[in-house]
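Structure at a glance
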Amino acid sequence: NKAFSDITGYSADEAIVKTPRLLRSILHDESFYQKLWVSLEQEGMWQGEIKNRRKDGEIFPVWSNISAVRDEHDQVRRYINIFTDITDKKLSEEHIYRLAHYDILTGLPNRALLQQRLQQALRLAKRHRHKLAILFLDLDRFKLVNDTLGHAVGDQLLQHVGKQLTACVRKADTVSRLGGDEFVIILDDLSSTDAAAQIATKVLETLSRPFNLDGHDVYVTASAGISLYPDDGEDANHLFKNADTAMSRAKAQGK
């Protein structure tokens, strides 16, 4: 029908007598389709989300309801698949997820997502008996930048700091902005205590270099505190508290 053509890009002439493989993407393995057919054979129906492919190659998600049609002898003669394009719904869900879990200004994970990732990292650290570090960072002269150059430049600075921090660590590590000028890094699967210190030193050296913002060379430094699992705590709350305390002591002792 017209809705099928509008959604998939295929005309009736292109689709009639073809099987649903016409729309098949490579995002589902054979076990996915095997389970689908088991459900159809045993229950006469299946419903769920499928990633399909339009004629132009674009992948799109649909919510699909497939039902078996039987004759008077209870033999399956055909299947009817009624599906709805849920692209807009998925985009809306992704947008809501990003608002709830990522910092709008820097695009970094926020406090909520940081907590989730830390809990997951702690479970893995306990299971595999490896070290984990929390690096708590606070910019030393951020208020001065805001007061002298304005909040727009201050926002640019935070964005650049986020990018620099991400570049300093491994892909498996998490860089998060808690708010204001506070950043937290989860350093996962560390071989030794020295490894955390080396990364912290690299971070501080990187942030001590000037940032060119709106024609201004902006200089900031950072104070950092580190807590290690399991040495300084075995749960998220103690690790956060100890890293924050260590950062405050660093700032009080001369930044």
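Numbers given for residues are sequential positions, taken from 1 along each chain in its written order. In keeping with the predicted nature of the model, local features appear solely for residues at pLDDT of at least 70, side-chain atom pairs appear and are counted solely at 80 or more, and the whole-chain, interface and lining totals rest on all residues. Only heavy atoms go into the side-chain values, all of them from the structure, while hydrogens and water stay out.

1. Quick notes on the packing of aromatic side chains
Aromatic pairs are defined between Phe, Tyr and Trp rings, using the six-membered ring for Trp, whenever the two ring centres lie within 6.5 Å; interplanar angles under 30 degrees are classed as stacked, those over 60 as edge-to-face, and all others as tilted. Taken as a whole, this structure holds four aromatic pairs when the rule is applied. Pairing Phe4 with Phe83 gives two aromatic rings, centres 6.3 Å apart and planes at 70°, and the pair type is edge-to-face. With Phe4 in helix H1 (residues 2-8) and Phe83 in strand E3 (residues 76-85), this pair connects stretches of sequence that are 79 residues apart. Burial here depends on accessible area, computed with a 1.4 Å probe over protein chains only, as a share of the maximum for the residue type. Under 20% is buried, over 50% is exposed, and the range in between is partly exposed. Note on Phe4: relative accessible area 23%, which makes it partly exposed. Taking the centre distance of 5.2 Å and the plane angle of 90° together, the rings of Phe32 and Tyr33 count as edge-to-face. The class of Phe32 is partly exposed, set by a relative accessible area of 22%. One aromatic cluster is present, formed by Phe32, Tyr33 and Trp46 through successive ring pairs. Where helices and strands are cited, they refer to DSSP runs of H or I of at least four residues and of E of at least two residues respectively, numbered from the N terminus.

2. Notes on the nonpolar core
Counting 32 residues, the largest nonpolar core has Leu137, Leu157, Leu165, Ile185 and Val203 as the members making the most contacts within it. The contact definition used throughout considers only heavy atoms, calling two residues in contact when any of these lie within 4.5 Å. Sequence-distant contacts of Ile185, that is, excluding residues within four places in its chain, are made with Ala133, Ile134, Leu135, Leu137, Leu165, Val169, Thr174, Val175 and Val203. In terms of nonpolar packing, the next biggest core, distinct from the first, is built from 17 residues, Leu122, Ile134, Phe136 and Val184 among them. Only buried residues count toward a nonpolar core. Its members are Ala, Val, Leu, Ile, Met, Phe, Trp, Tyr and Cys residues joined through side-chain atoms within 4.5 Å.

3. Section: the side chain of Thr8
Along the chain, Thr8 turns up in helix H1. The exposure class assigned to Thr8 is buried, which follows from its relative accessible area of 1%. Pairing of N or O atoms within 3.5 Å defines a polar contact, subject to two protein rules: one partner must be a possible hydrogen donor and the other a possible acceptor, and residues neighboring in sequence count only if both atoms are side-chain atoms. One polar contact links the side chain of Thr8 to the main-chain carbonyl oxygen of Phe4, over a distance of 2.8 Å. Setting aside anything within four residues of it in sequence, one finds Thr8 in contact with Leu23, Arg54, Lys55, Phe60 and Phe83.

4. Some points on helix H7 (residues 151-168)
In this scheme, a helix's expected span is set at 1.5 Å multiplied by one less than its residue total. Between its first and last C-alpha atoms H7 spans 26 Å; for 18 residues at 1.5 Å apiece the expected length is 26 Å, and the two agree. Turning to H7, its buried residues are Val153, Gly154, Leu157, Leu158, Val161, Gly162, Leu165 and Cys168.

5. Here we look at the pattern of salt bridges
Salt bridge criterion: a side-chain nitrogen from Lys or Arg within 4 Å of a carboxyl oxygen from Asp or Glu. Tallying each qualifying case throughout the model produces 16 salt bridges. Its salt-bridge partner being Arg24, residue Glu30 comes within 2.9 Å of it at the nearest N-O pair. Among the ionic pairs, Asp147 bridges to Lys143, the shortest N-O distance being 2.8 Å. On the criterion of helical spacing, the pair formed by Asp147 and Lys143 is a turn pair, its members being four residues apart in helix H6 (residues 142-149). The pair Asp147 / Lys143 is uniform in exposure class, with both members exposed. Taken together, the shared-partner salt bridges connect Glu49, Lys51 and Lys90 into one network.

6. Regarding the layout of surface pockets
Looking at the largest pocket, its volume works out to about 1000 Å³. Here a cavity is any set of points on a 1 Å grid over the protein atoms alone where a 1.4 Å probe fits but cannot get out, and a pocket is any open set with protein on both sides within 12 Å along at least 5 of 7 lines; a residue lines the site when it has an atom within 4 Å of a point. Every residue lining the largest pocket is counted, 32 residues in all, and those nearest its centre are Thr19, Pro20, Arg21, Leu23 and Asn81. Mapped by element, the contributors of at least two residues to the lining of the largest pocket are H1, helix H2 (12-15), helix H3 (30-43), strand E1 (45-53), strand E2 (59-70) and E3. Grid points are joined across faces, edges and corners, and a volume is the space filled by probe spheres set on the points.

7. Observations regarding the pairing of E2
Successive residues of a regular strand alternate their side chains across the two faces of the sheet. A pair of strands is considered paired only if DSSP assigns at least 2 bridges between the two. Across nine bridges, E1 lies against E2 in antiparallel orientation. Directly across from Met45, in E2, lies its bridge partner Ser67. As judged from the nine bridges shared by E2 and E3, these two strands associate in the antiparallel manner. When the sheet's bridge partners are listed, Arg70 is paired in E3 with Val76. Linking E2 to E3, which pair antiparallel, is a turn of five residues; within it Asp74 sits at a positive phi near 65°.

8. Digging into the sheet that holds E3
The strand order E1-E2-E3 describes an open sheet built from three strands, whose pairing is antiparallel. Each end of this open sheet is capped by a strand with a single partner; those strands are E1 and E3. Within the sheet, the average angular offset between the axes of one strand and its neighbour, ignoring direction, is 30°. Lines fitted to the C-alpha atoms define the axes, with helices restricted to the stretch that makes contact. Angles between their N-to-C directions range from 0 to 180 degrees. Running over the sheet, H3 touches E1, E2 and E3 and is turned about 150° from E1.

9. A few points about the packing of H6 against H7
For the pair H6 and H7, interaxial distance at closest approach is 7 Å and the crossing angle is 140°. For the pair H6 and H7, contact is made by Phe142, Val145, Asn146 and Leu149 and by His151, Val153, Gly154, Leu157 and Leu158, respectively. Throughout, the ten residues Ala, Val, Leu, Ile, Met, Phe, Trp, Tyr, Cys and Pro are labelled nonpolar, Asp, Glu, Lys and Arg are labelled charged, and all others, Gly among them, are labelled polar. Per-class residue counts for the contact of H6 with H7 are six nonpolar, three polar and no charged.

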